[in-house]
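# Analysis of the macromolecular model
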Amino acid sequence: MIVYGSTISPFVRKVMAFAAEKGLTLRVEAAGLGQGGPDFVEASPFGKIPGFRDPGADGGMDFCISDSTAICAYLEAKYPEPNMIPVAPIARARTVWFEEYADTIFFASAAKIFANRVLLPKILKRPFDEAIAAAAESVELPPLLDYLERVIPASGFLVEDRITLADIAVCSPFVNLAHTEMVIDPVRWPITAAYVAAVLARPSFAPMVAAERAIVAAMG
């Protein structure tokens, strides 16, 4: 199975970590930001990453889809064990909520920091605005971190006291913040800092994070 994109994207990273927790091996092919050929376009007609291809899955035809949520839903249905999206109604609803929180609420702010401190100046070599990043870090992110500090259970997992898509989705954008050298204040948010560190230390994340840090460091 092929994932089109780059793990520097939190959404590609989420899919790769989700698959790794299931014991699946997916291959990443570079796409997005002007990269990717006809195969990528077939998988993602609007250029959204990640794109995904499962060769021969649809009656001998390739199954193609884009969007990290759709890809994770497909993998969960096709490979139901180990279960990563809970079946119980309340637990499933909470998992979906935390993924939504991560993808559209948290990353909306984190993206401003990452874009203006890494993506634009280092990767794309384009103009950037540090004021936007600073405002997101000082004004937008603190309430979002305050929320996590209140809701992370003592088990260190958001749902059912075990690793689920909720943890993978929420922690993935923190890697992008780490690439900007931003650190979660362990005094103000001790629970969140410990939680994120523990999830990102898992084998599903750690090798990707190390490889990405080396790439970002090489950019200066």
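Here's a quick rundown of the structure. Predicted, not measured: the structure shown is a model, and the values here were computed from it. (Residues numbered from 1 in each chain as written. Predicted model: local features only at pLDDT ≥ 70, side-chain atom pairs only at ≥ 80, totals over all residues. Heavy atoms only, no water.)

## With respect to the overall build of the chain
Under the convention used in this document: Secondary structure elements follow DSSP: runs of H or I no shorter than four residues count as helices, runs of E no shorter than two count as strands, and numbering proceeds from the N terminus. Each residue is assigned to one of three classes by its accessible area relative to the maximum for its type, calculated with a 1.4 Å probe on protein chains only: buried under 20%, partly exposed between the two thresholds, exposed over 50%. Between two residues, a contact is recorded if the distance between any of their heavy atoms is within 4.5 Å. Residue burial considers only the protein chains on display, and all accessible areas are found by Shrake-Rupley using a 1.4 Å probe. Charged residues are defined here as Lys and Arg on the positive side and Asp and Glu on the negative side; His and the ends of the chain fall outside this count. Note that the charge is assigned to NZ on lysines, CZ on arginines, CG on aspartates and CD on glutamates.
Within the chain one finds eight helices and four strands. Order of helices (α) and strands (β) in the chain, N terminus to C terminus: β-α-β-α-β-β-α-α-α-α-α-α. The principal-axis extent of the C-alpha atoms belonging to the chain is close to 55 × 45 × 25 Å. Taking all 220 residues of the chain together, the buried fraction comes to 47%. Across the chain, every contact between residues at least 6 apart in sequence was considered, and the portion connecting residues at least 24 apart equals 67%. As presented, the chain carries roughly 10,200 Å² of accessible surface, and 63% of it is formed by carbon and sulfur atoms. For the chain, the distance from the average site of its 19 positive side-chain charges to the average site of its 25 negative ones is 2 Å.

## Here's the deal with the side chain of Glu-21
Along the chain, Glu-21 turns up in helix 1 (residues 10-21). Look past the residues within four positions of Glu-21 in its chain and what remains in contact with it is Pro-82, Met-84, Ile-163, Ile-168, Arg-202 and Ser-204.

## Considerations on the pattern of salt bridges
Going by this rule: Salt bridges, as used here, are contacts in which a Lys or Arg side-chain nitrogen is within 4 Å of a carboxyl oxygen on Asp or Glu.
Evaluation of the coordinates by the stated rule reveals 16 salt bridges. Of the charged contacts, one joins Glu-130 and Arg-117 as a salt bridge, the two residues approaching to 2.8 Å between their closest N and O atoms. Here the residue Glu-130 occupies a position in helix 5 (residues 130-151), and Arg-117 occupies one in helix 4 (residues 89-123), the gap between them amounting to 13 residues. Connected via shared salt-bridge partners are Lys-14, Glu-99 and Asp-103.

## What about the sheet that holds strand 4 (residues 61-66)?
Basically, it comes down to this: Criterion used throughout: strands pair if DSSP finds at least two bridges between them. An axis is simply a line fitted to the C-alpha atoms; with a helix, the fit covers only the stretch in contact. Between two such axes, the angle follows the N-to-C directions and lies from 0 to 180 degrees.
Strand order in the open sheet made by the four strands is 2-1-3-4, with mixed pairing throughout. Each edge of the open sheet carries a strand with a single partner, namely strand 2 (27-29) and strand 4. Taken over all neighbouring pairs, the strand axes of this sheet differ in orientation by 30° on average, direction set aside. Sheet topology note: the strand 1 (residues 2-4)/strand 3 (residues 51-58) ladder contains three bridges and is antiparallel. Bridge assignment links Tyr-4 to a residue of strand 3, and that residue is Gly-51. Each of strand 3 and strand 4 is contacted by helix 3 (residues 68-78), which is oriented at about 30° to strand 3, the strand it contacts most.

## Let's talk about the nonpolar core
Let me state the cut-off plainly: Residue types Ala, Val, Leu, Ile, Met, Phe, Trp, Tyr and Cys, when buried and joined through side-chain atoms within 4.5 Å, form a set referred to as a nonpolar core.
Formed by 55 residues in total, the largest nonpolar core has its most connected members in Leu-26, Leu-75, Phe-106, Val-170 and Phe-174. For this core, the elements supplying multiple residues, two or more each, are helix 1, helix 3, helix 4, helix 5, helix 6 (165-179), helix 7 (190-200) and helix 8 (206-218). With nine residues, the top contributor of residues to this core is helix 6. Among all residues touching Leu-75, those that are not within four sequence positions of it are Met-1, Phe-18, Ala-19, Lys-22, Leu-24, Leu-26 and Phe-52.

## A closer look at the environment of Gly-156
Mapped onto the secondary structure, Gly-156 falls in the loop between helix 5 and helix 6. Residue class for Gly-156 comes out partly exposed when judged on its relative accessible area of 24%. When the C-alpha atoms of Gly-156 and Val-139 are compared, they prove to be 26 Å apart, with 17 residues separating the residues in sequence. Excluding residues within four positions of it along the chain, Gly-156 makes contact with Asp-167 and Tyr-195.

## A look at helix 3
We count it as follows: Counting of polar contacts relies on pairs of N or O atoms within 3.5 Å, with two restrictions inside protein: one atom must be capable of donating a hydrogen and the other of accepting it, and residues adjacent in sequence are counted only when both atoms are side-chain atoms.
Those residues of helix 3 not exposed but buried are Ser-68, Ile-71, Cys-72, Tyr-74, Leu-75 and Glu-76. Structurally, helix 3 contributes buried residues whose contacts are with helix 1, strand 3, strand 4, helix 4 and helix 6. Regarding helix 3, its N-cap is Asp-67, as a side-chain oxygen of that residue lies 3.0 Å from the backbone nitrogen of Thr-69 further along.

## Some details on the packing of aromatic side chains
The criterion, for reference: We call Phe, Tyr and Trp rings a pair once their centres come within 6.5 Å, taking the six-membered ring for Trp, and we label the pair stacked below 30 degrees between planes, edge-to-face above 60, and tilted otherwise.
Under the definition given, this model contains nine aromatic pairs. When the ring of Trp-97 is compared with that of Tyr-101, the centres are 6.0 Å apart and the planes differ by 50°; the resulting orientation is tilted. In this pair, Trp-97 and Tyr-101 are both assigned in helix 4, four residues apart and thus about one turn of the helix distant. Ring geometry for Tyr-101 versus Phe-106: centroids 6.1 Å apart, planes at 40°, classification tilted. We classify Phe-106 as buried; its relative accessible area is 1%.

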